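# Summary of the model geometry
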Amino acid sequence: MAEQLLEQVRDVVDGQIDFEGQKLAELIANVALSVSGIVAFIVGFILQDIKLAVWIALGGTVLTFLVVVPPWPMFNRNPVKWLPVGGGTRTQPVNLVLEEKITI
């Protein structure tokens, strides 16, 4: 029982995401940071409060961090299927003979 719990904790901490998950995480980060920056700028401009604008931008950054950095299961929907070690078919080595050019 303790082994199973430890294995689940290792899987969560290991942080495995696939290539499509990396693409999704990058898209989410770009959109969330852009939106929070735009909202912070507009609110700060309208209210003429730079401190509030900085806090809004900081909150958007923290929220983006919490959404993107942990290895959520949505980032591992298309895991890569690697070949097993030594599982490929063996091929015979090919001897290549190259012709040499002789220059005079």
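Residues numbered from 1 in each chain as written. Predicted model: local features only at pLDDT ≥ 70, side-chain atom pairs only at ≥ 80, totals over all residues. Heavy atoms only, no water.

## With respect to helix α3 (residues 50-68)
Under the 1.5 Å per step criterion, the end-to-end length of α3 is 27 Å for 19 residues, consistent within 8% with the ideal 27 Å. Where α3 is concerned, the buried positions are Ala53, Gly60, Thr64 and Val68. The arc that holds every buried residue of α3, seen down its axis, measures 55°, which confines them to one face. For α3, the exposed residues set more than 90 degrees away from the buried face come down to Lys51, Trp55 and Leu63. In this structure, the buried residues of α3 make contact with α2 (19-47). Where α3 begins, the side chain of Asp49 points an oxygen toward the backbone nitrogen of Lys51, at a separation of 3.3 Å. (Helix = DSSP H or I, 4+ residues; strand = E, 2+ residues; numbered from the N terminus. Expected span 1.5 Å × (residues − 1). Buried < 20%, exposed > 50% of the residue type's maximum accessible area, 1.4 Å probe, protein only. Arc of directions from axis to C-beta. Contact = heavy atoms within 4.5 Å. Polar contact = N/O pair within 3.5 Å; in protein donor to acceptor, adjacent residues only side chain to side chain.)

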